[in-house]
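Examination of the molecular architecture
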Amino acid sequence: MSRVKMKPSLVIIASIATLASISLFYRSLTHGFEVPSSRCLRPSSTNHLISLLNQSDTTITRPSCFQALLQLMNSLYQVDISIDHVTVPRGMVPLVRDTWFRGNTTLYTMFQHPQTLTVTDRYTSETSNVNLIRSMRPKPASTGSDDALTAMRKLIEAARPGCNFCDTDHTVEDSFGRVRVAQSNIFTAENSFRFLDYSGLVIPGDIHSFLEMDYPTLRSMVVEAAVPWFRNIHSLHGANTHPIMMWDIMSKAGASQVHPHIHTLLGRGRYPGKTWGLMDQARVRYHGDTGGRDYLQDIVDLHVSLGLGIRYRSAAVIVSINPVKDREIWVIGTGNLTDWTWLHYLAYRTFIDELEVYCFSQSMALPVSHVTGKRGEGVSGDLMVAKIGARGDCTSPFNDVSALELYATNSIAKDYYETMRAFQRTFHKYSSP
């Protein structure tokens, strides 16, 4: 695996912070809207954030920028906080305190005084319910004696003989042929079992293990393979204009092949599916409702102010307070694919190297202009966003999706700030391209 480590550069970090402050200040002037300081709040945990947002608690001192932060938050989300008390019957105490929480009195106290944070996007209606104690609920035990990483390595090696994606001979060609990136043996293929009118695959032939993915390969998969694939499809079928990509890591996350591969879809006049269609519509509506403010940039500003975001050149990473899955990281760009793919790679490595999550799903949307050479109408069709979320313990038979996630709300049980700190460690560890 090709990786270059570096010591954190205070100069670079300071420069990024300065640019972020300038950018925030500029938008506050152009939008006529007060944006909170990029260091408005720095909670240590999600429960600490809940306490700060609980305005009925008058014992907490909040910074002067707090009202501006609330104004920005309320323009994007409806936020509800519940702090309650439950009574544990005497006969149930040993089960809860000693078995579930293994004698941890702090967790037992949290169980007795549950705190939940419910965040609903005012423009997409997507809702996330956060209760950190849910991560401790009883679940089926993991299968086998191996730890997750060892189990994944064994699965990867077992799939290497006869792998369909290690060369092109066992993949179907598109009608226009293939896009090939010769120097890195990356190639495209038609999905043998397509689920849309044109369903492509981008495959790194020489990288059989997702653990070995490096930045040059990931960037080439997007910039030198996926984008040309989109353009080829558009040249043959002009109505197909809106590009998205999907990428599942390992079978627990839904991947049918162990070998890494990105799915490519090109929607007819709109982004395919719910996630990106809702976000595109939200951006249009928000732009109109707020006198020209940008939905995604305000989301970035909010998360940076909450201590849940980092800016890098023309792109940003946030740990969303309204995620679909635990550990969800968003990568938001404004046009430069190099900046965006670099942060995407760092998010990818964060899951593996820092969070030790080996089954995860991701989806990405790109601007229409990268396909057609023309911008979409107004602010529509201009998304450059990736969402990456954890899919649970790879070795557990427990399913991470239930009726709750499918038909109601998204249940979140992992601390936002743990995920943000993990990304920050990765951010400081790698040298930028």
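Preceding this section is the structure that the text describes.
This write-up is about the structure you can find in this document. Remember, predicted model here, so these are calculated numbers, not experimental data.

**Some thoughts on the sheet that holds strand β2 (residues 115-121)**
The strand order β1-β2-β3-β14 describes an open sheet built from 4 strands, whose pairing is mixed. Among the strands making up the open sheet, the edge pair consists of β1 (77-83) and β14 (410-412). Averaged over all neighbouring strand pairs, the angle between strand axes comes to 20°, with direction disregarded. Here strand β3 (residues 127-130) pairs with β14 via 3 bridges, running parallel.

**Describing the pattern of salt bridges**
According to the stated counting rule, one finds 16 salt bridges in the structure shown. Measuring nitrogen to oxygen at the nearest pair gives 3.0 Å for the salt bridge that ties E190 to R194. According to the relative accessible area criterion, E190 is buried, its value standing at 7%. Overall, the relative accessible area of 45% leaves R194 in the partly exposed class. For D400, the salt bridge identified is with R391, shortest N-O distance 2.7 Å. Residues D400 and R391 agree in their burial class; the two are buried. Linked through salt bridges whose partners overlap, the residues forming this network are K325, R391 and D400.

**Section: helix α2 (residues 46-53)**
A large share of α2 lies buried, amounting to 6 of its 8 residues. Taken residue by residue, α2 has T46, N47, L49, I50, L52 and L53 as its buried positions. Structurally, α2 contributes buried residues whose contacts are with α3 (66-76), β1, α5 (105-112), β2, β3 and α13 (416-429).

**Observations concerning unusual backbone geometry**
Unusually for a residue other than glycine, R102 sits at a positive phi of about 50°. Tracing the backbone through its elements, the reader meets R102 in the loop between α4 (93-100) and α5. Owing to a relative accessible area of 75%, R102 belongs among the exposed residues under this scheme. We note that R327 has phi near 65°; this positive angle belongs to a residue other than glycine.

What counts as what
- Residues numbered from 1 in each chain as written.
- Predicted model: local features only at pLDDT ≥ 70, side-chain atom pairs only at ≥ 80, totals over all residues.
- Heavy atoms only, no water.
- Pairing = 2+ DSSP bridges.
- Helix = DSSP H or I, 4+ residues; strand = E, 2+ residues; numbered from the N terminus.
- Axes fitted to C-alpha atoms, helices over the stretch in contact; angles between N-to-C directions.
- Salt bridge = Lys/Arg side-chain N within 4 Å of Asp/Glu carboxyl O.
- Buried < 20%, exposed > 50% of the residue type's maximum accessible area, 1.4 Å probe, protein only.
- Contact = heavy atoms within 4.5 Å.

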